[in-house]
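# Fold and geometry: a report
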Amino acid sequence: MATMHVDRAGRGPFPRFNLVALAGRTIGAIPPTAQILVGIISVQVGAALAKNLFGAIGSLGTVAVRLFFAAAVLMLWWRPSVRMDRRSWAVVLGFGVVLGVMNLCFYLALARIPLGIAVTIEFLGPLAVALAGSRRWLDALWAVLAAGGVVLLMEGRGDLNLAGFLFALAAGACWGLYILLSASLGKHTSEGNGLALGMTVAALVAVPFGVAEGGTALFQPWVLVVGLGVALLSSVIPYSLELEALRKIPPRVFGILMSLEPAVAAVIGLVVLQESLHMMQWVAVLCVVAASAGATRGARPDV
């Protein structure tokens, strides 16, 4: 990874070369399973931190600040070239739009329902991708288990906000598309260049909505500092850890570990945001976790 930052004009490494190399070695020294778990925790802590911004700049304003800083950091890190063919740009634009809409929908859900429930519902998107095209009876069982989890969520004493549920479901649909587009992005771009450009497109999608809702409050110094923290925790750190982990472990193992995300989100929501779930809602979260892990374990190699 460090070799990507050599000055193309022939003047030697950038001043940050040593820092990048050190960061690469530090990340590489962490076991891949620990990298994934740290990445999951980082994402959910970032979401919890973001929720604390809602009162000041709204959910859409929070998305705008997060994606703006995530795009800025990734663009500075990768310095991607914009010289691509039309097909590659179409993939980047599609990836970025889906990423932006996914974040807008997820944060709109997060403003209405607990973090653990929002992530559990959103996880139905990746689960649908894992089950797509399967003809195994066991996969039908995983689908039924996930559906049962959703029913249990809806039965949580009737206090689940319908709009929040629908926004989370829309975010899940976008997540499924995001996974499919990620594979295409990897074929048409190199290293993190496509991710950096796609994140920039996502920021361009989200910022107008954020400015409309947050207004001048977006430019408060403390909001910008917290927004930078959310961007690092929710995007830059987990993406870096996940990319490094995927170099060392099979994608199927990676997917099974990622299936823990709804449960981690529920715990982070309880500890950080004091969002307690009812017993049936905890059971629902575990149903979706089990269904996701089972479907991922039995998924076709090309999924």
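This text gives an overview of the structure that appears in the document. (Residues numbered from 1 in each chain as written. Predicted model: local features only at pLDDT ≥ 70, side-chain atom pairs only at ≥ 80, totals over all residues. Heavy atoms only, no water.)

Let's shift gears to the state of the cysteines. Taken as a whole and assessed by the stated rule, the structure comprises zero disulfides. Take C174: it sits in no disulfide, and the sulfur closest to it among the cysteines is that of C105, at 5.2 Å. (Disulfide = S-S within 2.5 Å.)

Inspection of every chain in the model, using the stated rule, returns five aromatic pairs. Look at F106 and Y107: their rings are 5.9 Å apart centre to centre, the planes differ by 75 degrees, and that puts the pair in the edge-to-face class. There is no split in this pair, since F106 and Y107 are both buried. An aromatic cluster of at least three residues, connected via ring pairs, comprises F54, F106 and Y107. (Phe/Tyr/Trp six-rings, centres within 6.5 Å; stacked < 30°, edge-to-face > 60°. Buried < 20%, exposed > 50% of the residue type's maximum accessible area, 1.4 Å probe, protein only.)

Let us now look at the side chain of E275. If you trace the backbone, E275 turns up in the loop between α12 (261-273) and α13 (279-297). Here E275 falls in the buried class, since its relative accessible area comes to 14%. Side chain to side chain, E275 and K51 meet in a polar contact 2.5 Å long. (Helix = DSSP H or I, 4+ residues; strand = E, 2+ residues; numbered from the N terminus. Polar contact = N/O pair within 3.5 Å; in protein donor to acceptor, adjacent residues only side chain to side chain.)

Turning our attention to the environment of I249. When you line up the elements, I249 lands in the loop between α10 (221-245) and α11 (251-258). Residue classification places I249 among the buried positions, given a relative accessible area of 13%. I249 sits 217 residues away from P32 along the chain, and the two C-alpha atoms are 7.1 Å apart. Apart from residues no more than four positions distant in its own chain, I249 is found in contact with P32, I36 and F254. (Contact = heavy atoms within 4.5 Å.)

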